[in-house]
Amino acid sequence: MSVQNNTDLTPASFVLNGIPGLEDMHVWISFPFCSMYAVAMVGNCGLLYLIFFEDSLHRPMYYFLAMLSLTDLVMCSSTIPKALCIFWFHLKEIGFDDCLVQMFFTHTFTGMESGVLMLMALDRYVAICYPLRYSTILTNPIIAKVGFATFLRGVLLIIPFTFLTKRLPYCRGNVINHTYCDHMSVAKLSCGNVKVNAIYGLMVALLIGGFDILCITISYTMILRAVVSLSSADARQKAFSTCTAHICAIVFSYSPAFFSFFSHRFGGHTIPPSCHIIVANVYLLLPPTMNPVVYGVKTKQIRDCVIRILSGSKDSKTHI
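Residues numbered from 1 in each chain as written. Predicted model: local features only at pLDDT ≥ 70, side-chain atom pairs only at ≥ 80, totals over all residues. Heavy atoms only, no water.

Asker: Please clarify how empty space enclosed by the protein should be interpreted in this entry.
Answerer: Rolled over the atoms, a probe with the dimensions of a water molecule shows which regions are left empty. Counted by the stated rule, this structure contains one cavity of 30 Å³ or more. Empty space within the largest cavity amounts to approximately 50 Å³. Every residue lining the largest cavity is listed: Met61, Met120, Asp123, Arg124, Thr242, His246 and Tyr295. Elements that contribute at least two residues to the lining of the largest cavity include exactly helix H4 (96–129) and helix H9 (233–266). (1 Å grid on protein atoms, 1.4 Å probe; cavity = no way out; pocket = protein on both sides within 12 Å on 5 of 7 lines; lining within 4 Å. Points joined across faces, edges and corners; volume = space filled by probe spheres on them. Helix = DSSP H or I, 4+ residues; strand = E, 2+ residues; numbered from the N terminus.)

Asker: How should a nonpolar patch on the surface be read in this particular structure?
Answerer: There is a patch of nonpolar side chains on the surface, built from Met25, Val27, Trp28 and Phe31 and spanning about 460 Å² of accessible area. Locating valine 27 in the fold gives a position in helix H1 (residues 26–53). The exposure class of valine 27 is partly exposed, given its relative accessible area of 43%. (Patch = residues over 30% accessible without salt bridge, like charges linked within 9 Å, V, L, I, M, F, W, Y side chains within 5 Å. Areas by Shrake-Rupley, 256 points an atom, 1.4 Å probe, with all protein chains shown as cover. Salt bridge = Lys/Arg side-chain N within 4 Å of Asp/Glu carboxyl O. Buried < 20%, exposed > 50% of the residue type's maximum accessible area, 1.4 Å probe, protein only.)

Asker: Just to check I follow, could you spell out the nonpolar core for this structure?
Answerer: Counting residues in each nonpolar core, the largest one holds 45 residues, and the members touching the most others are Leu65, Met120, Ile216, Tyr295 and Ile302. For this core, the elements supplying multiple residues, two or more each, are H1, helix H2 (60–77), H4, helix H8 (195–228), H9, helix H10 (273–298) and helix H11 (300–311). When residues of this core are assigned to their parent elements, the largest contribution, 12 residues, is made by H4. Beyond its immediate chain neighbours, meaning those up to four positions away, leucine 65 contacts Leu47, Ile51, Met120, Tyr295 and Ile302. (Core = buried A, V, L, I, M, F, W, Y, C linked by side-chain atoms within 4.5 Å. Contact = heavy atoms within 4.5 Å.)

Asker: Mind showing me how you'd approach the packing of H4 against helix H6 (residues 140–166) here?
Answerer: It is at 8 Å that the axes of H4 and H6 come closest, and there the two elements cross at 150°. Relative to H6, H4 is oriented so that their crossing is right-handed. Per-class residue counts for the contact of H4 with H6 are 14 nonpolar, nine polar and three charged. (Axes fitted to C-alpha atoms, helices over the stretch in contact; angles between N-to-C directions. Left-handed = near helix turned anticlockwise from the far one by under 90°. Nonpolar A, V, L, I, M, F, W, Y, C, P; charged D, E, K, R; others polar.)

No statement about biological role is implied by the geometric values presented.
Spelled out as structure tokens, the structure:
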């Protein structure tokens with residue numbers, strides 16, 4: 001009896017089933033998804049416009065914010081339009097190679113989101129602990145290099161996902177109970193050995209998330225020590241206020257990620273699959289939606305630029 005090779009067991013396409021158990025509510029679920037996606041697109045495109053055209057925002061902090069906005073745009077755009085097509089038009093089919101491409105972009109830019117938040121924590125550390133050397137340490141070439149290194153780290157660590165997934169034989173159907181092609185959701189359809197996929201996925205999560213969280217923790221520990229040592233209460237308040245928006249961004253990004261990570265490992269039998277899928281989508285939607293709102297509200301320079309543009313002022317200089 002001849003043995004079929006993996007090519008014969010590779011489906012031409014997958015079917016993304018949306019949120020199983022909540023099919024009747026897909027249209028209602030689509031409204032908050034669509035609203036958040038619209039806010040994310042307008043907010044992040046607006047931030048990129050301001051940072052590009054406003055001379056007063058040509059500073060390291062805002063360059064890192066531009067990286068975060070661009071990352072957020074790609075991250076949510078790689079999944080949400082397809083999810084809305086599922087909810088509204090029942091267009092559930094996705095080609096096998098298209099599924100791998102979506103998987104690559106989703107995981108690469110979620111990893112980059114974490115990396116940029118880590119770079120922004122280091123930026124705040126330098127700004128508060130070494131204010132006189134801030135502009136000489138974080139020069140434009142350095143910012144470009146660390147930004148590219150963060151992107152390259154994500155690409156190099158995520159590329160193996162596509163090859164590990166492509167090599168598997170798929171004989172458990174082609175229906176994915178998800179709104180997008182998540183690595184392990186696809187791998188679970190295989191009748192082959194997915195232990196390598198699971199181990200590598202955990203390693204990547206630790207290499208990216210674990211390393212970034214460690215750097216963020218160390219940065220804010222040093223920041224806290226520096227701020228507490230300041231003699232003036234006003235100086236302490238001002239130093240803390242420069243970190244507020246970034247701390248909010250960290251909370252919005254890591255909270256759903258931690259919930260998803262721990263619920264999969266410790267609450268897999270008690271938490272329904274629909275909850276896992278909704279949280280996975282919130283993880284991709286919440287940071288892109290809230291980051292521009294928080295930075296717009298908490299950052300005086302950005303507020304001043306927006307107010308000046310809305311008021312029609314022609315003065316291009318913002319008081320800093």
